[in-house]
Amino acid sequence: MEEKVSKVYFKNKPEKTKQYIIAEQKAEFDAKFIDNEGLATYFNKLYDKVDIYDNNITLLTNQFLSPIANSAPTFYRYYITDTIKTTFPHLIELSFFPRSKGDFLFQGKLYITLDNQYAVQGAKMKVSEDINLNFVRDLNIELTFDKDNINKYYLSRSALGIDFALTGKGTGIQGNRVVYYKNYVNGITRPDSIYEGSETVKKLQPILSKDERQYWAGLRQTPLTKQEMVIYQNIDSLQTMPSYRRFMDVAALVLSGYKQMGPVEIGPVNTFYSYNPVEGLRLRIGGRSTEQLS
């Protein structure tokens, strides 16, 4: 579980984006057993940003053709399946399917405004079951667009869910990434100093509130579900359980060959004992320092 709140600046000429992370919290495992930073980097690579206005959308290191790309009618079939008149402006539900099931394409629905703009107000997409995405059993994308201060549609919510499993049936792992956007302001010229340096910068604000939960509740655009709320508490409780720590200690010994002892590790275990006919029994002990020693 990871949450970030950022302030993002963007300019067109030259095109550049700057993200200032102003708040961040994670439910992490003990760094002694699990590389949390490595996991975060890996998942960020998997859960790339989905921009339907790009001709190609990169997901899981594969490129998928957007259903509104210029060449999309060559690869997709489109059908008007419904008209929605309960919202303003009225919407057309446009269903689309790949012409060839084996291609890296999406299938789903687009919701197009019935006004002079004909803009995409929403999209629900998934991938075909006939393509091979390694251990991915299912993939779903939901996009929602709202109007900004100059009456143009902007992305207000992006949800990407991926279901991983070794086989098509049985237990798997599901990961979800949801991004909310608000307070779009267009047409303001910013100084070049804002965009200097790396694209993402941590500029964490001090938590002035005594209650951290109340502070985060004020930052979130949408409240967490009950299941999400208890994740932080559950992970903290899990890591204090003696049975869990024993299991992780033994697992680390088996997988890495080293027994962790705070600032040092004893090992590798497979070299502790050896035997040959000339020298007979040979015993050896070794170790190495860890990050805690520094």
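As a reminder, the structure under discussion sits directly above these lines.
Residues numbered from 1 in each chain as written. Predicted model: local features only at pLDDT ≥ 70, side-chain atom pairs only at ≥ 80, totals over all residues. Heavy atoms only, no water.

Novice: Help me understand the overall build of the protein chain, please; the structure alone is not making it clear to me.
Specialist: When helices and strands are tallied, the protein chain shows five helices and 17 strands. For 294 residues, the compact-globule formula gives about 19 Å, and the C-alpha radius of gyration of the protein chain, at 25 Å, lies well above that figure. Taking all 294 residues of the protein chain together, the buried fraction comes to 31%. Total accessible area on the protein chain stands at roughly 20,100 Å², and carbon and sulfur atoms take up 53% of it. (Helix = DSSP H or I, 4+ residues; strand = E, 2+ residues; numbered from the N terminus. Rg over C-alpha atoms; globule rule 2.2 N^0.38 Å. Buried < 20%, exposed > 50% of the residue type's maximum accessible area, 1.4 Å probe, protein only. Areas by Shrake-Rupley, 256 points an atom, 1.4 Å probe, with all protein chains shown as cover.)

Novice: Just checking my understanding: could you explain the sheet that holds strand S17 (residues 287-289) for this structure?
Specialist: Strands belonging to one sheet form pairs held by backbone hydrogen bonds; the direction of such a pair is parallel or antiparallel. Read across the sheet, three strands follow the order S13-S14-S17 without closing on themselves; strand pairing throughout is antiparallel. Sheet topology places strand S13 (259-261) and S17 at the edges, where each strand pairs with a single neighbour. Pairs of neighbouring strands in the sheet enclose a mean axial angle of 25°, with direction left out of account. One ladder, built from three bridges, connects S13 with strand S14 (residues 264-266); its direction is antiparallel. Residue pairing across strands places Gln260 opposite Glu265, the latter belonging to S14. (Pairing = 2+ DSSP bridges. Axes fitted to C-alpha atoms, helices over the stretch in contact; angles between N-to-C directions.)

Novice: Mind showing me how you'd approach the pattern of salt bridges here?
Specialist: Two side chains bearing opposite charge may form a pair once their charged atoms approach each other closely. Under the defined criterion, the tally for this structure stands at 11 salt bridges. The partner of Lys26 in a salt bridge is Glu28, with the nearest N and O atoms 3.9 Å apart. Look at Lys26 and you get partly exposed, because its relative accessible area is 27%. With a shortest N-O distance of 3.2 Å, Lys259 and Asp249 are connected by a salt bridge. In this pair, Lys259 is assigned in strand S13 and Asp249 in helix H5 (residues 242-256), connecting sequence segments 10 residues apart. (Salt bridge = Lys/Arg side-chain N within 4 Å of Asp/Glu carboxyl O.)

Novice: Help me understand the nonpolar core in this model?
Specialist: Core analysis: the largest hydrophobic core is formed by 35 residues, its most contacted members being Leu59, Phe106, Leu110, Leu139, Ile141, Leu143 and Ile162. If you list the elements that add at least two residues to this core, you get strand S3 (56-59), strand S4 (62-65), strand S6 (91-98), strand S7 (106-113), strand S8 (120-127), strand S9 (136-147) and strand S10 (153-164). The contact partners of Leu110, leaving out residues within four places of it in the chain, are Ile52, Pro67, Ile68, Ile92, Glu93, Leu94, Phe96, Val120, Gly122 and Ala123. With five residues, the next largest nonpolar core counts Ile22, Ala23, Tyr215 and Trp216 among its residues. (Core = buried A, V, L, I, M, F, W, Y, C linked by side-chain atoms within 4.5 Å. Contact = heavy atoms within 4.5 Å.)

Novice: What's the story with the sheet that holds strand S11 (residues 173-180) in this structure? I'm lost.
Specialist: Within the open sheet, the seven strands sit side by side as S5-S6-S7-S8-S9-S10-S11. Their pairing is antiparallel. On the outer flanks of this sheet lie strand S5 (76-84) and S11, each paired with one strand and no other. Each neighbouring strand pair of the sheet contributes to a mean axis angle of 10°, computed without reference to strand direction. Bridging between S9 and S10 involves 11 bridges; their strand directions are antiparallel. Its bridge partner being in S10, Phe145 is matched across the sheet by Leu155.

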